[in-house]
Amino acid sequence: MRLAWLLTIALAGTAHADKKLQGFKPDFVHEAAGCQVQTSGIAKVLAGATELAKTVEAAERAELEHDVDQLTGGLALEKAYCDEVAAMVAFLDANAAATYRSVERELDARYTKIVKLRAASKKTIEELQPTTRKLIPRIARRPDPPAPEPRRIPGKFPSGRAIELPALAGTWRLWGSSTTDTAEYLETPPKEPVITASATTRPFADTTCDDQRKALLARADAEPLVELELPGAKELGVAWGARYTRRQQTTAHLVSVLCVPGKAGGLLATTDMVPADRSALADELGKLMLRMIAAQKP
């Protein structure tokens, strides 16, 4: 590229000076694209290393913080290099009709600056390679952060018990009695397949959670029955949880059940969802069941 630059200077006084001036643009456009790739790569490693530093023990944190500082400095230099090359492309566009002699001084000053930054960038990339090679596998092994909890909307059952409902696209209807709470969900506007769901908590007496489980196992439509373990269920006193698919004519319902023992019976929480393959909604209904159980507990 330096040779091409000197050749243009030598030919600057010819009738084709403008075309020669613009002949530099493709090289600088290509250089700008390569520079952006390097900047993006460093930025990704820097972001990963920054998050990694928050999760490691103090003994490892010092080394990671040093790596973060090194990457931060390298990224700043690479951005300065990219900005200068992009500015050169913009300058060539703005002076497309100019003669070389009219922009010679500024053009040469810009090019000299790019040459220095290009050399500094190459040196920085080489110096960062051991750090990036060390960090990339560690960043890749880092577990993904937990998904943020979806927004919730407050509601209240006829019993007076308050509840936080998942803020979904459809609508909720709350009904029940002084002892039973039910939340029904309907996707709006309805689409095919229509998504409906419900969650209910109701107390039972003169029987136990073991009896409730035996009755569930005896149901012919509760197949296949699998264990359901929800985070936080044990803390609420849940004795057991189960999930199964119930078929009603041609429609499959995904049903989940939790049982909480009490002094003279207990509390049964159930959800029913159609279609049965909406895993994200099933997860939200499971969390809703636990909040409804917590609302029922004295």
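Residues numbered from 1 in each chain as written. Predicted model: local features only at pLDDT ≥ 70, side-chain atom pairs only at ≥ 80, totals over all residues. Heavy atoms only, no water.

Caption draft 1: Fine view of the packing of helix α3 (residues 25-53) against helix α5 (residues 100-141). In contact at an axis separation of 10 Å, α3 and α5 are set at 35° when each is read in the N-to-C sense. The chirality of how α3 crosses α5 is left-handed. Across from Phe-28, Glu-31, Gln-38, Ile-42, Val-45, Gly-48, Ala-49 and Leu-52 in α3, the residues of α5 making contact are Tyr-111, Ile-114, Arg-118, Ile-125, Leu-128, Thr-132, Leu-135, Ile-136, Arg-138 and Ile-139. (Axes fitted to C-alpha atoms, helices over the stretch in contact; angles between N-to-C directions. Helix = DSSP H or I, 4+ residues; strand = E, 2+ residues; numbered from the N terminus. Left-handed = near helix turned anticlockwise from the far one by under 90°. Contact = heavy atoms within 4.5 Å.)

Caption draft 2: Looking closely at the side chain of Thr-200. Inspection of the secondary structure assignment puts Thr-200 in strand β5 (residues 196-205). Here Thr-200 is in contact with Thr-180, Asp-181, Thr-182, Leu-268, Ala-269, Thr-270 and Met-292, once residues within four sequence places are set aside.

Caption draft 3: Here's a closer look at the side chain of Arg-246. In this fold, Arg-246 is placed in strand β7 (residues 240-248). Of the polar contacts made by the side chain of Arg-246, one reaches the side chain of Gln-248; its length is 3.3 Å. Sequence-distant contacts of Arg-246, that is, excluding residues within four places in its chain, are made with Arg-219, Asp-221, Thr-251, Ala-252, His-253, Val-255 and Asp-272. (Polar contact = N/O pair within 3.5 Å; in protein donor to acceptor, adjacent residues only side chain to side chain.)

Caption draft 4: Fine view of the packing of α3 against helix α4 (residues 58-94). The geometry of α3 relative to α4 is characterised by a closest axis approach of 8 Å and an angle of 160° between their N-to-C directions. Comparing the axis directions of α3 and α4 gives the class roughly antiparallel. Between α3 and α4 lies a crossing whose hand is left-handed. Of the residues assigned to the contact of α3 with α4, the class counts are 21 nonpolar, six polar and six charged. (Parallel < 35°, antiparallel > 145°, perpendicular 65-115°, else oblique. Nonpolar A, V, L, I, M, F, W, Y, C, P; charged D, E, K, R; others polar.)

Caption draft 5: Quick peek at helix α7 (residues 279-296). The terminal C-alpha atoms of α7 lie 26 Å apart, and with 18 residues this matches the ideal 26 Å at 1.5 Å per residue to within 8%. Those residues of α7 not exposed but buried are Leu-281, Ala-282, Glu-284, Leu-285, Gly-286, Leu-288, Met-289, Leu-290, Arg-291, Met-292, Ile-293 and Gln-296. (Expected span 1.5 Å × (residues − 1). Buried < 20%, exposed > 50% of the residue type's maximum accessible area, 1.4 Å probe, protein only.)

Caption draft 6: Local environment of the nonpolar core. In this structure, Phe-28, Met-88, Leu-92 and Leu-107 are the most contacted members of the largest nonpolar core, which totals 19 residues. Contributions of two or more residues to this core are made by α3, α4 and α5. It is α4 that contributes the most residues to this core, seven residues altogether. Counting residues in each nonpolar core, the second largest holds 16 residues, with Leu-254, Ala-282, Leu-285 and Met-292 among its members. (Core = buried A, V, L, I, M, F, W, Y, C linked by side-chain atoms within 4.5 Å.)

Caption draft 7: How the structure looks around the pattern of salt bridges. Tallying each qualifying case throughout the model produces 16 salt bridges. Close ionic contact of Asp-93 with Lys-25 constitutes a salt bridge, the shortest N to O distance being 2.7 Å. Of this pair, Asp-93 sits in helix α4 while Lys-25 sits in helix α3, and the two are 68 residues apart along the sequence. The class of Lys-25 is partly exposed, set by a relative accessible area of 28%. (Salt bridge = Lys/Arg side-chain N within 4 Å of Asp/Glu carboxyl O.)

Caption draft 8: Focus on the pairing of β7. With two bridges connecting them, strand β6 (residues 226-227) and β7 associate as antiparallel partners. Bridge pairing links Glu-227 to Ala-242 in β7. In sequence, β7 turns back onto strand β8 (residues 251-262) through a hairpin of two residues, with Gln-249 there showing a positive phi of about 60°. (Pairing = 2+ DSSP bridges.)

Caption draft 9: Here's a closer look at the environment of Glu-229. Mapped onto the fold, Glu-229 is located in the loop between β6 and β7. On the accessibility criterion, Glu-229 (74% relative accessible area) is exposed. For the pair formed by Glu-229 and Asp-69, sequence separation is 160 residues and the distance between their alpha carbons is 44 Å.

The analysis is restricted to geometry; functional conclusions fall outside its scope.
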